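Tertiary structure, described
Spelled out, the chains give:
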Amino acid sequence: MERKRVSTGEKHLEVVDAGEGPVLVFVHGFPLDHSVWHYQICEFARDYRVICPDLAGYGSSPAKSGHWSLSDVATDLAIMLDELKVDQPVCFCGLSMGGYVGWEFWRQFPTRLSQLVACDTRAANDSAQVQRARRVSANRVMSTGTAKVAEEMLPRLFCESNLSSELAKRICDTIARTSPDSFSKGQLAMSKREDATSWLPEIEVPTLFIVGEFDEITSPDEMQSNAELVPNSTFAQIANAGHLAPLENHVDFNRAMRLFLATGSK
Ligand code: MLT
């Protein structure tokens, strides 16, 4: 699987760039890396060009200096596409934090999108209580380290039947490899994100909302309500999956995604 080092100006992103055809961009959640999309890269690189970065500070990509916003991440991704000479509109598929970046990408670069996939993600921003909890978590991780946080996070990421799986162990290792600084800055960036709910009726591209049936972080009910606000939307619920639907049940996830991709772009 080809990995590329793509400059975004100040730093670079490590990016999987595999296959040929219409472009699918897969953006991971927090505090993960491209490997959460392993099964989608293998499946879709057969007939699409799959572009799957490690966001700055996660996986193998170096961190940016200073604090950053989700809007900055969307800008980095547009630069990444320029560097990779992608000039046609892309299907942007974002998981959780990657989905928050997706709303920002739509807002900044609407003409660069052909389709949008909002995966286990929400449009609303954080309540004051959640913002406070993120600030506490951002401070605490600097002394506890990410290995401890990883173990605490797992039960909310996976549904019960997948919690003891090899996949869960791999995700635990991925989180534990994230630096406390990147973990902390990610929490703060998410706590300051804008509420995208009022943007939803303006989204013209076909949009798939897809969620694990047992997702405790992003409930299927909330995602279905979000889907009803987007004029050209589809909603899919993935059985036997929690917050990491593309990894926990890749067979059903990929089937739903193929069906959506076949409906065409705007
Ligand atoms: C994620 O998976 O990216 C996070 O759960 C998002 C969040 O903490 O809101």
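Below you will find a few notes about this structure. (Residues numbered from 1 in each chain as written. Predicted model: local features only at pLDDT ≥ 70, side-chain atom pairs only at ≥ 80, totals over all residues. Heavy atoms only, no water.)

With respect to helix 6 (residues 166-177)
Relative to the 16 Å expected for 12 residues at 1.5 Å per residue, helix 6 spans 17 Å between its end C-alpha atoms, a close match to the ideal helical length. For helix 6, every residue scored as buried is listed here: Leu167, Ala168, Ile171, Cys172, Thr174 and Ile175. Projection of helix 6 onto a plane perpendicular to its axis shows the buried side chains occupying an angular sector of 160°, all on one side. Projecting away from the buried face of helix 6 at angles above 90 degrees are the exposed residues Glu166 and Arg177. Residues of helix 6 that are buried make contact with helix 1 (38-44), helix 5 (146-157) and helix 9 (245-248). (Helix = DSSP H or I, 4+ residues; strand = E, 2+ residues; numbered from the N terminus. Expected span 1.5 Å × (residues − 1). Buried < 20%, exposed > 50% of the residue type's maximum accessible area, 1.4 Å probe, protein only. Arc of directions from axis to C-beta. Contact = heavy atoms within 4.5 Å.)

Some points on the pattern of salt bridges
Close approach of charged atoms lets side chains of opposite charge pair. This model, assessed by the stated rule, comprises 20 salt bridges. Ionic pairing is found between Arg140 and Glu152, a salt bridge with its closest N-O pair at 2.9 Å. Taken together, the residues Arg140 in helix 4 (residues 128-144) and Glu152 in helix 5 connect sequence positions 12 residues apart. Arg140 gets classed as partly exposed once you look at its relative accessible area, which sits at 34%. (Salt bridge = Lys/Arg side-chain N within 4 Å of Asp/Glu carboxyl O.)

Concerning the nonpolar core
Ranked by internal contacts, the top residues of the largest apolar core, which has 89 residues, are Trp37, Met80, Trp103 and Ile171. Considering each element in turn, this core owes the most residues, 7 residues, to helix 2 (residues 70-83). Beyond its immediate chain neighbours, meaning those up to four positions away, Ile171 contacts Leu32, Val36, Leu154, Leu157, Phe158, Leu244 and Leu247. (Core = buried A, V, L, I, M, F, W, Y, C linked by side-chain atoms within 4.5 Å.)

Concerning the layout of surface pockets
In this structure, the largest pocket encloses a volume near 620 Å³. Along its surface, the largest pocket is lined by 24 residues, and Arg134, Met153, Arg156, Gln187 and Ile217 are the ones closest to its centre. The leading source of residues in the lining of the largest pocket is helix 4, at 7 residues. (1 Å grid on protein atoms, 1.4 Å probe; cavity = no way out; pocket = protein on both sides within 12 Å on 5 of 7 lines; lining within 4 Å. Points joined across faces, edges and corners; volume = space filled by probe spheres on them.)

Notes on the sheet that holds strand 5 (residues 90-95)
Taken together, 8 strands build an open sheet; the order of strands is 1-2-4-3-5-6-7-8 and the sheet is mixed. Single-partner strands in this sheet number two, and they are strand 1 (3-7) and strand 8 (233-238). Averaged over all adjacent pairs, the angle separating strand axes in this sheet is 20°, with direction ignored. As defined by bridge partners, strand 3 (residues 23-27) adjoins strand 4 (residues 49-53) across 3 bridges and the pair is classed as parallel. Note on strand 4: the bridge partner recorded for Leu24 is Val50. In this fold helix 3 (residues 97-108) packs onto strand 3, strand 5, strand 6 (113-119) and strand 7 (207-212), with an angle of close to 145° to the strand it touches most, strand 5. (Pairing = 2+ DSSP bridges. Axes fitted to C-alpha atoms, helices over the stretch in contact; angles between N-to-C directions.)

Examining the site of the ligand
Neighbouring residues of the ligand: Gly29, Phe30, Ser96, Met97, Tyr100, Arg134, Met190, Ile217 and His243. One of the side-chain N or O atoms of Tyr100 is found 2.6 Å from an oxygen atom in the ligand. Against a free-state accessible area of 270 Å², the protein chains account for coverage of 91% of the ligand. Most atoms of the ligand, that is more than half of them, are within 2 Å of grid points of the largest pocket. In terms of residue class, the shell around the ligand is built from 5 nonpolar, 3 polar and 1 charged. (Near = heavy atom within 4 Å. Polar contact = N/O pair within 3.5 Å; in protein donor to acceptor, adjacent residues only side chain to side chain. Areas by Shrake-Rupley, 256 points an atom, 1.4 Å probe, with all protein chains shown as cover. Sits in = over half its atoms within 2 Å of the grid points. Nonpolar A, V, L, I, M, F, W, Y, C, P; charged D, E, K, R; others polar.)

Section: empty space enclosed by the protein
Counted by the stated rule, this structure contains 4 cavities of 30 Å³ or more. Looking at the largest cavity, its volume works out to about 50 Å³. Taken together, Leu70, Tyr100, Trp103, Glu104, Ala123, Arg193, Glu194, Ala196 and Trp199 form the lining of the largest cavity. For the lining of the largest cavity, the leading source of residues is helix 3, giving 3 residues. Tallied by class, the residues present in the lining of the largest cavity amount to 6 nonpolar, no polar and 3 charged.

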